[in-house]
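Each chain, written out:
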Amino acid sequence: MNQDYINASQNYANDARDKYEQSLSYLLTGLDEAKAADQEAANVRYNNLITKIRQQLPGIQEQFERNAKAAYVNKQQNLQQIDADLSRLGVNTQGFGVTQRLLNESIYGQTYGQILSDYNNNLRDVANQEVNALGDLNDDLADLDAAYAKDKLDTQRYIGEQGLNVYNTEYKNYYNDLQYQDDLKQQQYENEMAERKLAEQLKQQAWENAFKEKQRQDQIAQQQWERQMAEKEYQLNVRKVEASIAQANASAAAARAAAASAKNNNTVKTTGKIVNTNYCKNRDAFSSNAAYDEYNKLLWQVMNDGGIDSGILNAYLTQGKSQGVFSSKDVSAIKSQFGI
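Remember, predicted model here, so these are calculated numbers, not experimental data.

Participant: Quick rundown of the overall build of the chain? Include the residues and the values.
Facilitator: A count of helical and extended segments in the chain gives eight helices and two strands. Seen in sequence order, the chain has helices and strands lined up from the N terminus as α-α-α-α-α-β-α-β-α-α. Going through the 340 residues of the chain one by one, you find that 25% of them count as buried. Of the contacts formed within the chain by residues at least 6 apart in sequence, a portion of 80% connects residues at least 24 apart. Total accessible area on the chain is roughly 21,500 Å²; 50% of this is exposed by carbon and sulfur atoms.

Participant: Any details on a negative patch on the surface? Residues and values, ideally.
Facilitator: A grouping of Asp136, Asp139, Asp140 and Asp143 is seen on the molecular surface, where their side chains present a negatively charged patch. Taking the relative accessible area as the measure of exposure, Asp140 reaches 32% and is therefore partly exposed.

Participant: Tell me about the nonpolar core, residues and numbers included.
Facilitator: One recurring pattern in soluble globular proteins: nonpolar side chains tend to sit buried together. Core analysis: the largest hydrophobic core is formed by 20 residues, its most contacted members being Leu298, Ile308, Leu313, Leu317, Phe326, Ile334 and Phe338. Where this core is concerned, the elements lending two or more residues are helix 3 (56-89), helix 6 (289-305), helix 7 (310-322) and helix 8 (328-338).

Participant: Break down helix 6 for me, with residues and values.
Facilitator: The end-to-end C-alpha distance of helix 6, which contains 17 residues, comes to 24 Å, matching closely the 24 Å that a straight helix rising 1.5 Å per residue would cover. When we look at burial in helix 6, the residues that qualify are Ala291, Glu294, Tyr295, Lys297, Leu298, Leu299, Gln301 and Val302. Just past helix 6, the residue Gly306 takes up positive phi, approximately 80°.

Participant: Hey, could you go over helix 7 for me, with residue numbers and the actual values?
Facilitator: The terminal C-alpha atoms of helix 7 lie 18 Å apart, and with 13 residues this matches the ideal 18 Å at 1.5 Å per residue to within 8%. Residues of helix 7 that are buried include every one of Ser310, Gly311, Ile312, Leu313, Tyr316, Leu317 and Gly320, and no others. Among the residues of helix 7, the N-terminal cap falls to Asp309, whose side-chain oxygen and the backbone nitrogen of Gly311 are separated by 2.7 Å. Phi turns positive one or two residues past the end of helix 7, at Gly324, with a value near 85°.

Participant: Residues and numbers for the packing of helix 2 (residues 26-54) against helix 3, please.
Facilitator: Close contact between helix 2 and helix 3 brings their axes to 4 Å; oriented N to C, the two are set at 10°. With respect to helix 3, the axis of helix 2 lies roughly parallel. Two secondary-structure elements touch here, helix 2 through Lys52, Ile53 and Arg54 and helix 3 through Gln56, Leu57 and Pro58. In terms of residue class, the contact of helix 2 with helix 3 is built from three nonpolar, one polar and two charged.

Participant: Quick one: what's the story with the confidence of the model for the chain, residue by residue and with numbers?
Facilitator: Any segment with low pLDDT has predicted coordinates that should not be analysed in fine detail. Per-residue confidence for the chain averages 84 on the pLDDT scale, and 84% of its residues sit at or above 70. Here helix 5 (residues 182-264) is the element of the chain with the lowest mean pLDDT, 67, and helix 8 is the one with the highest, 95. Across residues 240-256 the pLDDT falls below 50, and counting only partners more than four positions away or on other chains, this stretch makes 12 contacts in the model.

Participant: Can you break down the packing of aromatic side chains residue by residue, with the values?
Facilitator: Evaluated as defined, the whole model comprises 11 aromatic pairs. These aromatic residues form a ring-pair network of at least three members: Phe64, Tyr72, Tyr108, Tyr112 and Tyr119.

Rules used in this analysis
Residues numbered from 1 in each chain as written. Predicted model: local features only at pLDDT ≥ 70, side-chain atom pairs only at ≥ 80, totals over all residues. Heavy atoms only, no water. Helix = DSSP H or I, 4+ residues; strand = E, 2+ residues; numbered from the N terminus. Buried < 20%, exposed > 50% of the residue type's maximum accessible area, 1.4 Å probe, protein only. Contact = heavy atoms within 4.5 Å. Areas by Shrake-Rupley, 256 points an atom, 1.4 Å probe, with all protein chains shown as cover. Patch = residues over 30% accessible without salt bridge, like charges linked within 9 Å, V, L, I, M, F, W, Y side chains within 5 Å. Salt bridge = Lys/Arg side-chain N within 4 Å of Asp/Glu carboxyl O. Lys, Arg positive; Asp, Glu negative; His and termini not counted. Charge placed at Lys NZ, Arg CZ, Asp CG, Glu CD. Core = buried A, V, L, I, M, F, W, Y, C linked by side-chain atoms within 4.5 Å. Expected span 1.5 Å × (residues − 1). Polar contact = N/O pair within 3.5 Å; in protein donor to acceptor, adjacent residues only side chain to side chain. Axes fitted to C-alpha atoms, helices over the stretch in contact; angles between N-to-C directions. Parallel < 35°, antiparallel > 145°, perpendicular 65-115°, else oblique. Nonpolar A, V, L, I, M, F, W, Y, C, P; charged D, E, K, R; others polar. pLDDT = per-residue confidence, 0-100. Phe/Tyr/Trp six-rings, centres within 6.5 Å; stacked < 30°, edge-to-face > 60°.

Below is the structure:
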């Protein structure tokens, strides 16, 4: 075995491989440039999308202000019409008049609540669009990173393989020229291949570990976002329940005021007989929604006062029937419930 021949063959082959691999370095440079261009394009798309999404906000705000103003104007117009109708009927200060005004306020409150709910839903939709846009950007960037890593690895492997091919070819030719021993040449070649394969395996494993960690971090971020969305939905439901309780209290106050007005009216004859009930009827038992609403207000009054004089109840029902709130069927059903 002539070590000088081996060294000369290796030096020649390595020099040939280095020159060849250097000639292919433009492939890696092209990957870097393509990645930078793709990232820039993704960011531009994201910024353009965010700008487009946020252009919805002025229109949402303007629509909310128009709807809120229209609801308020409608409430005031209805109030003027109610006052005119009540004055014409001569019941402007009686329980029915108070009830009609409160009903107008309740309708306005419901309308405004729906307008506000729509406004909040629109704002939340814009926020969700922004979150989705950011998520899409992150996904695009992650995909670009993954594709870049794979392409770079494939390119490096290709350059290495091509360089190795050059190395092997030049080594063999030079070695044959020097009549080097085939056994030692093959052994050295196998050793180098084993080391290169191990290095590539370690590099691939490191990339897979990094990719799995990125996936885990993305999952954690998604879970945190879902928890935040759930908390916001919970807070919204709490506010809706609070609004419903406030509306029920307002209806109860209206019913008590109507009963007090009837009791203080000198034309109502009290009997001294207090009647009460321990159950309530459902909507199907009444001729209209208005009758059912008025019935619920009556129940609130009775529950809070511990009962009602049968004479006052009769006068209340007679007045409600004359004003078109209760039908004869409604009056009979309520009287039957209270045992009069």
